[in-house]
Amino acid sequence: MRIEETIADLERVAAREVGRGSEALAGPAAGGLLAAARSLAAGATDAAVFTGFFIPGAEPPAAETDGPLGAVQIAAALRLLGGRCRLVTDEPCAPVVEAAVAAAGPGLPVDVAPLRGYEEWAATLRPEYGRLTHLIACERVGPGADGRPRNMRGEDIGAHTAPLERLYTSGSAYRIGIGDGGNEIGMGRLPADLIGRVVASGERIRCVVGADALLVGGTSNWAAAALVGALSLLRPEVPELRTLLEPAWSYDLLTATVRAGAVDGVRRRSTLSVDGLDWPAYAEPLTRIAELVRAGR
């Protein structure tokens, strides 16, 4: 019971409000963190983590800092647990995702989808993806009710976004979604009217693709860190997981992605920040998650 209570605390810390309604969205998703962590901790996994959210209006246009950090953190954790994991993104986001992978160390493959010829590319991978045990989306934009992927401003970014949700919904894998604003893959699990009330332009931007377990964060990276924290609690025989929870680990990856051109999705420029939060404010929940894991052992 103690571990379950700590994981519930992790879920609440990850959903810290930053002004976009994350705490309200997290209510119906409560328990998703425990369910996702138990599924991943149960045995050897063969997973894919989808990430990358391109900001075409940024100066210069690039993938945002939220998403790749958390995706690589999850993938690294699954490797430490003895599973297999790959990252999945598309061409516009690839430089940032690959920089995060390189900063984390070797051994994490990255599948990069083209914007043109996507179906041919996906056809070669679909049989293999159909055999995966888990599909995880971390801050990956998905289609709304009209089939178009939209950013927080309601802008259609389909011209810059491969339809990776088609791979995400293939096969019979356990699906985990991680998001913070309603327009990410997995958010279809939440009631449409809730997102419409809580999120600006929510009815228009809400992703209709759901998940078996949904994790809502103030930033998606925080929810990913909470998932790694929960795995650490459930699998204490792998102490290396705690290294991934140290804020310094995330700072190194953030620095590497910004050097590769990543932008803050709110500020729309390349800075050492995530969703408008400078490092000290962004690091507070990461520090708290690490503290909870240490105390919960």
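Conventions and cut-offs
- Residues numbered from 1 in each chain as written.
- Predicted model: local features only at pLDDT ≥ 70, side-chain atom pairs only at ≥ 80, totals over all residues.
- Heavy atoms only, no water.
- Helix = DSSP H or I, 4+ residues; strand = E, 2+ residues; numbered from the N terminus.
- Rg over C-alpha atoms; globule rule 2.2 N^0.38 Å.
- Buried < 20%, exposed > 50% of the residue type's maximum accessible area, 1.4 Å probe, protein only.
- Contact = heavy atoms within 4.5 Å.
- Areas by Shrake-Rupley, 256 points an atom, 1.4 Å probe, with all protein chains shown as cover.
- Axes fitted to C-alpha atoms, helices over the stretch in contact; angles between N-to-C directions.
- Parallel < 35°, antiparallel > 145°, perpendicular 65-115°, else oblique.
- Left-handed = near helix turned anticlockwise from the far one by under 90°.
- Nonpolar A, V, L, I, M, F, W, Y, C, P; charged D, E, K, R; others polar.
- 1 Å grid on protein atoms, 1.4 Å probe; cavity = no way out; pocket = protein on both sides within 12 Å on 5 of 7 lines; lining within 4 Å.
- Points joined across faces, edges and corners; volume = space filled by probe spheres on them.
- Salt bridge = Lys/Arg side-chain N within 4 Å of Asp/Glu carboxyl O.
- Core = buried A, V, L, I, M, F, W, Y, C linked by side-chain atoms within 4.5 Å.
- Pairing = 2+ DSSP bridges.
- Phe/Tyr/Trp six-rings, centres within 6.5 Å; stacked < 30°, edge-to-face > 60°.

1. Details of the overall build of the protein
When you go through the protein residue by residue, the secondary structure sums to 13 helices and 10 strands. Relative to the compact-globule value of 19 Å for 297 residues, the protein shows a C-alpha radius of gyration of 17 Å, a close match. Once the C-alpha set of the protein is aligned to its principal axes, its extents read approximately 45 × 40 × 35 Å. The 297 residues of the protein split such that 61% are buried. In the protein, the proportion of contacts linking residues at least 24 apart, taken out of those at least 6 apart, comes to 74%. For the protein, the exposed area adds up to about 10900 Å²; of that, 51% sits on carbon and sulfur atoms.

2. What about the packing of helix H5 (residues 94–104) against helix H12 (residues 247–259)?
One way to put it is that H5 packs onto H12 with a least axis distance of 8 Å and a crossing angle of 140°. By the angle between their axes, H5 is oblique relative to H12. Considering how the two elements wind past one another, H5 and H12 form a crossing that is right-handed. Of H12, the residues touching H5 (which contributes Val96, Ala99, Ala100, Ala103 and Ala104) are Trp249, Asp252, Leu253, Ala256 and Thr257. Of the residues assigned to the contact of H5 with H12, the class counts are 8 nonpolar, 1 polar and 1 charged.

3. A closer look at the layout of surface pockets
Any empty space left between atoms is shown by rolling a water-sized probe over those atoms. Considered as a void within the structure, the largest pocket measures approximately 270 Å³ in volume. Taken together, the residues of the lining of the largest pocket break down into 8 nonpolar, 5 polar and 8 charged.

4. Concerning the pattern of salt bridges
A full pass over the atoms with the stated rule returns 19 salt bridges. Glu119 serves as the salt-bridge partner of Arg126, at 3.8 Å between the closest nitrogen and oxygen. Judged by relative accessible area, Glu119 falls into the partly exposed class, the value being 37%. One network of salt bridges, with partners in common, ties together Arg20, Asp180 and Asp275.

5. Let's talk about the nonpolar core
By size, the foremost hydrophobic cluster in this structure holds 61 residues, and its most contacted members are Leu10, Ile74, Leu78, Leu87 and Ile178. Broken down by element, this core gets its largest block of residues, 10 residues, from helix H10 (residues 220–234). Not counting chain neighbours up to four residues away, the residues in contact with Ile74 comprise Val49, Ile136, Ile178, Ala224, Leu227 and Val228. Grouped together as the second largest cluster of nonpolar side chains are 21 residues, Phe50, Tyr118, Leu167 and Ala173 included.

6. Looking at the sheet that holds strand S8 (residues 213–216)
If you walk across this open sheet you meet the 6 strands as S5-S4-S1-S6-S7-S8, and the pairing is parallel. What marks the edges here is a single partner per strand, and that holds for strand S5 (110–113) and S8. On average, each strand axis in the sheet is tilted by 20° relative to the strand beside it, whichever way the strands run. Here strand S6 (residues 134–138) runs beside strand S7 (residues 174–179); their pairing, made up of 5 bridges, is parallel. Bridging across to S7, Ala137 finds its partner in Gly177. Across the sheet, helix H3 (residues 32–41) lies against S6, S7 and S8, angled at about 125° from S8, the strand it touches most.

7. Some thoughts on the side chain of Ser250
Looking at the element boundaries, Ser250 is found in helix H12. According to the relative accessible area criterion, Ser250 is buried, its value standing at 5%. Dropping the residues within four chain positions of it, Ser250 is found in contact with Leu69, Gln73, Trp279 and Leu286.

8. A word on the packing of aromatic side chains
Tallying each qualifying case throughout the model produces 6 aromatic pairs. For the ring pair Tyr118 and Trp121, a centre distance of 5.7 Å and an interplane angle of 40° mean the geometry is tilted. Taken together, the residues span about one helical turn, with Tyr118 and Trp121 both in helix H6 (residues 118–129) at a distance of 3 residues. The interplanar angle of 25° and the centroid separation of 6.0 Å between the aromatic rings of Trp222 and Tyr282 together place this pair among those described as stacked. Highlighted residues: Trp222 in helix H10 and Tyr282 in helix H13 (residues 279–295), separated in sequence by 60 residues. Summarising the burial analysis for this pair, Trp222 and Tyr282 share the class buried. Here the aromatic cluster, defined as three or more aromatic residues joined through ring pairs, consists of Trp222, Tyr251, Trp279 and Tyr282.

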